[in-house]
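Residue-level structural notes
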Amino acid sequence: MTKNTGTHVLITNNTLAHRAGSEMYVLDIALALLKRGYNPIAYSTVLGDVADELRKATIPVINNLNALVTPPDLIHGQHHLDAMTAMLRFPTTPALYFCHGWLPWEETPPLFPTITHYVAVDNLCQERLLTTAGIKQNAIRLLYNFVDLAQFKPRLQLPEKPKAALVFSNNAAEHNFVSAIRAACLRFGIERIDVAGFNSGNVAINPAALLPQYDVVFAKARCALEAMAVGCAVVVADLPGLGGMVSTGNMKAYRRLNFGVRTLQTANITEANIFAQLLLYNPNDAHQVSAWIRQDADSELAFNTLETYYQEALAMAPSLLAQPSLAISTAASAYLQSLAPVIKTRILAEQRAIQAEQQQSQLQQLNEHHQLALQNKQTELDSIINSRTWQLFSYYRKFRRWLASW
């Protein structure tokens, strides 16, 4: 594709803090756009490590849209609160809305006149778009997740017997599903079992260098895709459940679902179930899976498709200038109305939690007061008993002396 020099693309996201799925997607997209002559700008109200990486790559990062002196040419919207904030601020700029998840509330597709395309990253997200009232089918596009093949290079051939395993997930921790995986791996003869991800306290800063060190990787979604591209044997597994060993028999179906939540419904993560999947370890089959993934998930092909979607949206910009202001305000009103029950429910829940905490605190204070009063009464009673006991003992001694004298 030819370079589109000078086009400013505003990319929105819920956060640009931790190295998680959509955050890394923003980083990948922004870097690719920069190489192709675009001027990407990243926007979120929550910044952090990923924002720092973007800035190091000379990509502007903002948490206030008023920082933009002129409107962007295009909005690449992710997560409805941030995307709608940008679209309302720039109501004549064409926008694409990207859906990255089936369940998360922040992935809810918004309805707005300037959204020209709704882009799903897998077939399940496509289903979410197709079942959202108000979205036209001809506005929906697919763009499966991708891997930078120049960064994630093939590892050496897998050994006949795996020696090292990695649980690669931000959700992974010993107290949830890692212990079952660890037990199954040890039983299978894998002695090195490591964990990488936010919850484990071991964030993978450079997964391209990390993954080739392992023969088997337990992961989902982007992490699974990167591990397959490198050439590891991948067991799709994460907090929701177990998907199983990726093979030439299931790779295409799993790929269309982004190795995500719908694939994590085969079984629960138990030592027995994980051990059964390790028995399917096949170096030759894993190599074939990797070769196919590297062909199908090449990031350059994905960016070509993305650029096509961008060009389609930019071509629709003149028609957006003719949008009646009533359509914009009506859509904005409908969006705020959709937020109201969620916000009110959350506020009510927070208020109830605060009230419950206050009541608990009052009960604790009352209990402490009663305990103190009881202790005081007990001390007073002990004093009386001790006094009476001493008196009785004194009378008893006098009585003994009297008996002795009598």
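Everything in this summary refers to the structure shown in the same document.

Rules behind the numbers
- Residues numbered from 1 in each chain as written.
- Predicted model: local features only at pLDDT ≥ 70, side-chain atom pairs only at ≥ 80, totals over all residues.
- Heavy atoms only, no water.
- Helix = DSSP H or I, 4+ residues; strand = E, 2+ residues; numbered from the N terminus.
- Rg over C-alpha atoms; globule rule 2.2 N^0.38 Å.
- Buried < 20%, exposed > 50% of the residue type's maximum accessible area, 1.4 Å probe, protein only.
- Contact = heavy atoms within 4.5 Å.
- Areas by Shrake-Rupley, 256 points an atom, 1.4 Å probe, with all protein chains shown as cover.
- Patch = residues over 30% accessible without salt bridge, like charges linked within 9 Å, V, L, I, M, F, W, Y side chains within 5 Å.
- Salt bridge = Lys/Arg side-chain N within 4 Å of Asp/Glu carboxyl O.
- Pairing = 2+ DSSP bridges.
- Axes fitted to C-alpha atoms, helices over the stretch in contact; angles between N-to-C directions.

**As for the overall build of the chain**
When helices and strands are counted, the chain shows 13 helices and twelve strands. Taking 22 Å as the expected radius of gyration for a compact globule of 406 residues, we find that the chain reaches 31 Å, considerably beyond that expectation. Taking all 406 residues of the chain together, 46% fall into the buried category. The long-range share in the chain, meaning contacts at least 24 apart out of those at least 6 apart in sequence, stands at 67%. Summed over all atoms, the accessible surface of the chain reaches about 20,900 Å², with 55% contributed by carbon and sulfur.

**Quick word on a nonpolar patch on the surface**
A cluster of nonpolar side chains, contributed by W102, L103 and V261, occupies part of the molecular surface with about 280 Å² of accessible area. Structurally, the position occupied by L103 is in the loop between β5 (95-99) and β6 (115-120).

**Some details on the pattern of salt bridges**
For the structure shown, the criterion picks out twelve salt bridges. Between R255 and D296 there is a salt bridge, and its shortest N-O distance comes to 2.8 Å. With R255 in helix α8 (residues 251-256) and D296 in helix α10 (residues 283-296), the pair connects residues that are 41 residues apart, well separated along the chain. On the accessibility criterion, R255 (2% relative accessible area) is buried. A residue is classified by how much of its surface remains accessible, and D296, at 28% relative accessible area, is partly exposed. Each of D28, R222 and E226 takes part in a single network of salt bridges with overlapping partners.

**Side note on the sheet that holds strand β4 (residues 74-78)**
Taken in spatial order, the seven strands make up an open sheet running β3-β2-β1-β4-β5-β6-β7, and their pairing is parallel. The sheet terminates laterally at β3 (61-62) and β7 (140-142), the two strands that pair on one side only. Where β6 lies against β7, three bridges are found, and the strand directions are parallel. Residue pairing for β7: V119 is matched across the bridge by R141.

**Quick word on the pairing of strand β12 (residues 241-245)**
Most of β12 is tucked away, with five of its five residues classed as buried. Across four bridges, the pairing between strand β11 (residues 233-238) and β12 is antiparallel. Note on β12: the bridge partner recorded for V235 is M245. The turn joining β11 and β12, which pair antiparallel and follow one another in sequence, is formed by two residues.

**Remarks on the sheet that holds β11**
Reading across from one edge, β9-β8-β10-β11-β12 is the order of the five strands in this open sheet, with mixed pairing throughout. Each end of this open sheet is capped by a strand with a single partner; those strands are β9 (192-196) and β12. Neighbour to neighbour, the strand axes of the sheet diverge by 20 degrees on average, direction disregarded. Running at roughly 160 degrees to β9, helix α5 (residues 174-188) makes contact with β8 (164-168), β9, β10 (216-219) and β11 of the sheet.

**Focus on unusual backbone geometry**
Here the phi dihedral of T58 falls at roughly 70 degrees; this positive angle occurs in a residue that is not glycine. Relative to the assigned elements, T58 resides in the loop between α2 (49-56) and β3. If you check the backbone angles, F259 has positive phi at about 50 degrees while not being a glycine. Position of F259 among the secondary structure elements: in the loop between α8 and α9 (271-278).

Take it as geometry only, folks, not as evidence of what the structure does.
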